[in-house]
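Residue-level structural notes
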Amino acid sequence: MKKLKKIAVLAGDGIGTEVMAQGIKALRAIEEKYQYNFTLEEGLMGGIAIDKTGNPLPQETLDLAMAADAVLLGAIGTPKYADPTLKVRPEQGLLGLRKALGLYANIRPIKAYDKLVGLSPIKNDRIQGADFIIYRELIGGVYFGESGRNKDNTMAYDTMTYHRHEIERIAHEAFKTAMHRKRQLCLVDKANVLESSRFWRETVDIIARQYPKVKLSYLYIDNATMQMILNPTGFDVILTANLFGDILSDEASVIGGSLGLLPSASIGDQHCLFEPVHGSFPEGAGKDIANPTAMILSVAMMLDHFGLHREARDIDHAIDTCMAKSIMTSDLGPEVSYSCSQFGDIVEALILGEEIKIKSLEQANASII
Ligand code: NAD
Ligand code: IPM
Ligand code: MN
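The structure presented is a predicted model; accordingly, all values stated were derived computationally and were not measured.

Conventions and cut-offs
- Residues numbered from 1 in each chain as written.
- Chains lettered and ligands numbered in written order.
- Predicted model: local features only at pLDDT ≥ 70, side-chain atom pairs only at ≥ 80, totals over all residues.
- Heavy atoms only, no water.
- Helix = DSSP H or I, 4+ residues; strand = E, 2+ residues; numbered from the N terminus.
- Buried < 20%, exposed > 50% of the residue type's maximum accessible area, 1.4 Å probe, protein only.
- Axes fitted to C-alpha atoms, helices over the stretch in contact; angles between N-to-C directions.
- Parallel < 35°, antiparallel > 145°, perpendicular 65-115°, else oblique.
- Left-handed = near helix turned anticlockwise from the far one by under 90°.
- Contact = heavy atoms within 4.5 Å.
- Nonpolar A, V, L, I, M, F, W, Y, C, P; charged D, E, K, R; others polar.
- Near = heavy atom within 4 Å.
- Polar contact = N/O pair within 3.5 Å; in protein donor to acceptor, adjacent residues only side chain to side chain.
- Areas by Shrake-Rupley, 256 points an atom, 1.4 Å probe, with all protein chains shown as cover.
- Domains from an automatic or database assignment.
- Salt bridge = Lys/Arg side-chain N within 4 Å of Asp/Glu carboxyl O.

**Here's the deal with unusual backbone geometry**
One non-glycine residue with positive phi stands out, namely Arg183, at about 60°. Mapping Arg183 onto the fold places it in the loop between α6 (164-179) and β8 (184-189). Its relative accessible area of 34% is what places Arg183 among the partly exposed residues. One non-glycine residue, Phe281, lies in the positive phi region at around 35°.

Pasting the structure below:
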């Protein structure tokens, strides 16, 4: 067996553990198919880490992530720690991990699967063929700028700060990706109001000279949120700051049909992490109803990052087959729905080329009774 990469597995909270189990099934299927041997090491992260250690990102987890070739993350956040005024919260662990690993580029691909077009709340002709990718800056901006309150607690502030090099490094990544796609890059900002956005434009304009084949355009964030729904096929690569990218990507999930479909890769110069765009979906936790597609496709993004493209395409292909055969979890609103673990089993079987069991409408109704 070929010894391959070492992967830190941080399942986290809520549906994080459920979708991670399906992601690992897919990875193990790839191992079996190609006789690989990935080393997986689990670590505590988020609410569960607070419960067990008092810290959402224990040193042991950070050490594990630092030493790994990649991190797989499920999701963090629990109702127990949902109160935003708490001093210690699960979200601090995720933000701390991204910062510590230097993961400046968060890459979030969006596409409308043919079979799902009819299930989206948006009109079919608008979303048919939509296929774009968001480059979200991940360790700067208002998430990490100076923040606080004044002494008598009558004022609070968060500052949106960007250094030139923070914009340059992600801009290069976005332009390079645009070169392999439709060669269109749209910078989304609020340059009509914010100085930091004007600085983004100035910096990106200079970098654009190194990529003359890429058509650079600009949209204000307010207009971009509207255009994304009105004309999603008009986008190719979107480059944007941390907070804008967070909001735009959840909105973009409506094009695909569910937040449970969107994977992401977070890349730095030394480390990489792969996680769904969605959170821990506490209302869905423990019910085996979550859509594990985002997690499974995050595993595929990890394999691509390792240069294992054929293996990544095997996973993509299994997901495409599920969609084409209407094998879906309930969030997508199909006639017959599959549980999170059933979906994972089918993806595993498809990767291994095994026969799959498709439920008939009668069987699905019978299992409900
Ligand atoms: P959420 O993404 O967990 O859920 C929002 C809605 O999206 C859900 O109500 C559900 O309808 C749908 N959804 C999300 N994932 C799904 C899936 N896999 N399958 C089917 N439907 C899915 O966002 P939220 O409710 O605002 O936040 C819950 C917790 O998750 C909070 O603590 C938040 O901070 C955290 N969070 C974590 C991450 C992360 O770990 N990267 C990301 C976002 C939110
Ligand atoms: C995401 C999440 C996180 C973010 C939260 C949980 C800190 O919403 O990954 O999109 O805002 O980046
Ligand atoms: Mn988010």
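**Remarks on the packing of helix α1 (residues 15-34) against helix α12 (residues 340-352)**
Remark: α1 packs on α12, axes separated minimally by 9 Å, with the N-to-C direction vectors making an angle of 15°. Relative to α12, the element α1 lies roughly parallel. Read as a crossing pair, α1 and α12 show a hand that is right-handed. Here Glu18, Val19, Gln22, Lys25, Ala26, Ala29, Ile30, Glu32 and Lys33 of α1 come into contact with α12, specifically with Cys340, Ser341, Gly344, Asp345, Val347, Glu348, Ile351 and Leu352. Residue composition of the contact of α1 with α12, grouped by class: eight nonpolar, three polar and six charged.

**Details of the site of ligand 2**
Taken together, the neighbourhood of ligand 2 is formed by Glu91, Leu95, Arg98, Arg108, Arg136, Tyr143, Asp246 and Val277. Contacts to ligand 2 include Arg136, whose side-chain N or O atom sits 2.8 Å from an oxygen atom. Here ligand 2 loses 78% of its free accessible area of 320 Å² to cover by the protein chains. Looking at the shell around ligand 2 element by element, the count peaks at three residues for helix α4 (residues 90-101).

**Some thoughts on the domain arrangement of the chain**
For the chain, the assigned domains are domain 1 (1-103 + 268-369) and domain 2 (106-145 + 156-258). Using C-alpha coordinates to define each centre, domain 1 is positioned 24 Å away from domain 2. Counting every contact that joins domain 1 to domain 2 gives one salt bridge. Between Asp320 and Lys111 there is a salt bridge; the shortest N-O distance is 3.6 Å. Here domain 1 is connected to domain 2 by two residue pairs in polar contact (both at pLDDT 80 or more). At the level of elements, α4, α10 (293-305) and α11 (309-324) are the ones that each hand at least two residues to the side of domain 1 that touches domain 2. At four residues, α11 tops the list of elements feeding residues into the side of domain 1 that touches domain 2. For the side of domain 1 that touches domain 2, the residue count by class is ten nonpolar, four polar and four charged.

**Some remarks on the pattern of salt bridges**
Within the structure shown, the criterion is met by 18 salt bridges. Across the pair Asp246 and Arg136 runs a salt bridge, and its minimum N-O distance is 3.8 Å. In this pair, Asp246 sits in helix α9 (residues 242-256) while Arg136 sits in strand β5 (residues 131-137), placing the two residues 110 residues apart along the sequence. Overall, the relative accessible area of 25% leaves Asp246 in the partly exposed class. Given a relative accessible area of 2%, Arg136 falls into the buried group. Taken together, the shared-partner salt bridges in this structure form one network comprising Asp131, Arg181 and Asp236.

**Looking at the site of ligand 1**
Every one of the 19 residues lining ligand 1 counts as a neighbour, but Ile76, Glu91, Gly279, Phe281 and Asn291 are closest to it. A distance of 2.7 Å separates an oxygen atom of ligand 1 from a polar backbone atom of Gly279. For ligand 1, a nitrogen atom lies 2.9 Å from a polar atom in the backbone of Asn291. Taking 800 Å² as the accessible area of ligand 1 by itself, protein coverage stands at 69%. When its residues are assigned to classes, the shell around ligand 1 shows nine nonpolar, six polar and four charged.

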